[in-house]
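One-letter residues, chain by chain:
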Amino acid sequence: MVSITVPPEYGYVVFGAGILPYFTSFYLGGKVMKMRKSCDVPYPNCYGVPGFHKKADEFNRVQRGHQNYLENVHDYQLMTLIGGLKHPIACAVGTVLFCIGSNLYMTGYADLTLDVKTARYKKGGAIKWIGLLISLYSTCSLGYSLIKG
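Values in this document were obtained by computation on a predicted structure and should not be read as measured data.

Peer 1: Whenever I open this one, helix α2 (residues 20-38) confuses me. Can you help?
Peer 2: Here α2 spans 27 Å end to end across 19 residues, near enough to the 27 Å set by a 1.5 Å rise per residue. Packed against the buried residues of α2 are α1 (10-18), α3 (56-83) and α4 (88-110). A positive phi of about 55° marks D40, the residue just after α2.

Peer 1: Just checking my understanding: could you explain the pattern of salt bridges for this structure?
Peer 2: Where side chains of opposite charge bring their charged atoms close, a pairing between them can arise. A full pass over the atoms with the stated rule returns two salt bridges. A salt bridge links E71 to R64; its shortest N-O distance comes to 3.0 Å. By relative accessible area, which is 24% here, R64 ends up partly exposed.

Peer 1: What is the right way to look at a nonpolar patch on the surface in this model?
Peer 2: Nonpolar side chains collect at one region of the surface, where F15, I19, Y22, F23 and F26 lie side by side and expose about 610 Å² of accessible area between them. Tallying contributions element by element places α2 first for the nonpolar patch, with three residues. Considering the arrangement of structural elements, one finds F23 in helix α2.

Peer 1: Looking at this structure, I do not really get the packing of α1 against α2. What am I missing?
Peer 2: When two helices pack together, their arrangement is given by the angle between their axes and by how far apart the axes lie. Between α1 and α2, the shortest axis-to-axis distance is 3 Å and the interhelical angle comes to 20°. Classified by the angle their axes make, α1 and α2 are roughly parallel. When α1 is examined against α2, the residues F15, G16, A17 and G18 are found in contact with a partner set consisting of L20, P21 and Y22. Per-class residue counts for the contact of α1 with α2 are five nonpolar, two polar and no charged.

Peer 1: Would you mind going over the nonpolar core with me for this structure?
Peer 2: One broad rule of soluble globular proteins: the nonpolar side chains tend to lie buried together. In terms of nonpolar packing, the biggest core is built from 15 residues, with F59 and F98 touching the most fellow members. Only α2, α3 and α4 provide two or more residues apiece to this core.

Peer 1: Where do I start with the packing of aromatic side chains in this structure?
Peer 2: Centre-to-centre distance and the angle between the planes together describe a pair of aromatic rings. Across all of its chains, the model carries six aromatic pairs by this definition. Seen in terms of ring centroids, Y69 and F98 are 5.9 Å apart; in terms of plane orientation they differ by 35°. Their pairing is tilted. Placement of the pair is Y69 in helix α3 and F98 in helix α4, with a sequence separation of 29 residues. Of the two residues, Y69 and F98, both sit in the buried class. Ring centres 5.9 Å apart and planes at 75° place the aromatic pair Y105 and Y109 in the edge-to-face group. Remark: Y109 and Y105 occur in helix α4; sequence separation between them is four residues, near one turn of the helix. The pair Y105 / Y109 is uniform in exposure class, with both members buried. Grouping aromatic residues by their ring pairs yields a cluster made of Y22, F23 and F26. Positioned over the ring face of Y105 is K128, at 4.5 Å from the centre of the ring. Taking the ring centre of W129 as reference, the NZ or CZ of K128 above it sits at 4.9 Å.

Thresholds, definitions, all that
Positions within a chain are numbered from 1, following the residues in the order the chain's sequence is written. Totals for whole chains, interfaces and linings use every residue, but because this is a predicted model, local features are given only for residues with pLDDT of at least 70 and side-chain atom pairs only at 80 or more, for both listing and counting. Side-chain numbers come from the whole structure's heavy atoms, not from hydrogens or water. What counts as a helix is a DSSP run of H or I of at least four residues, what counts as a strand is a run of E of at least two, and both are numbered from the N terminus. A helix is expected to span 1.5 Å for every residue after the first. Contacts between residues were defined by any pair of non-hydrogen atoms, one from each residue, lying within 4.5 Å. Salt-bridge detection follows one rule: a side-chain nitrogen of Lys or Arg within 4 Å of a carboxyl oxygen of Asp or Glu. Each residue is assigned to one of three classes by its accessible area relative to the maximum for its type, calculated with a 1.4 Å probe on protein chains only: buried under 20%, partly exposed between the two thresholds, exposed over 50%. A residue counts toward a patch only above 30% relative accessible area and without a salt bridge, and it is joined to like-charged neighbours within 9 Å or, for Val, Leu, Ile, Met, Phe, Trp and Tyr, to nonpolar neighbours within 5 Å. The protein chains shown are the only cover counted for residues, whose accessible areas, like all others here, come from Shrake-Rupley with a 1.4 Å probe. Throughout, an axis means a line fitted to C-alpha atoms (over the contacting stretch in the case of helices), and angles, computed between N-to-C directions, take values from 0 to 180 degrees. Orientation labels follow simple angle bins: below 35 degrees gives roughly parallel, above 145 gives roughly antiparallel, 65 to 115 gives roughly perpendicular, and whatever is left gives oblique. Classification used: nonpolar for Ala, Val, Leu, Ile, Met, Phe, Trp, Tyr, Cys and Pro, charged for Asp, Glu, Lys and Arg, polar for all others including Gly. What makes a nonpolar core is a set of buried Ala, Val, Leu, Ile, Met, Phe, Trp, Tyr and Cys residues whose side-chain atoms join them at distances within 4.5 Å. To pair, rings of Phe, Tyr and Trp, with the six-membered ring standing in for Trp, must have centres within 6.5 Å; the planes then decide the type, stacked if under 30 degrees apart, edge-to-face if over 60, and tilted in the middle. Charge over a ring is defined by NZ of Lys or CZ of Arg lying within 6 Å of the ring centre and within 35 degrees of the ring normal.

As structure tokens, then:
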């Protein structure tokens, strides 16, 4: 039988996976709300409609930056909570990278002076994927350890 011991550093993982992503989402959502008002894209429109909303592109780039975060955060949190059982400090550091990188991703995406195809990575957004890969590796490492006994 295999047992799992929760390391004392796991508290950092709990804060990282449970608290920091909430504040990151709140912060990124605030940017969307601010743009929603300044670009005149009222609810229930999730995105601005080109030709109908004058600043649709400007709003959509900010909205898409936040949406990308929402598309990835749940998988990230799950992998961090699992992988953190074996590599808690690595997963805690990965959480910081993921959350800061998500903000930089949105910042790049929202920059209208940059080409939309590469904008999200021009301001450092790629570090979010380093955080995600740390959690992916940690989860795979734990799974392998459990299989090997």
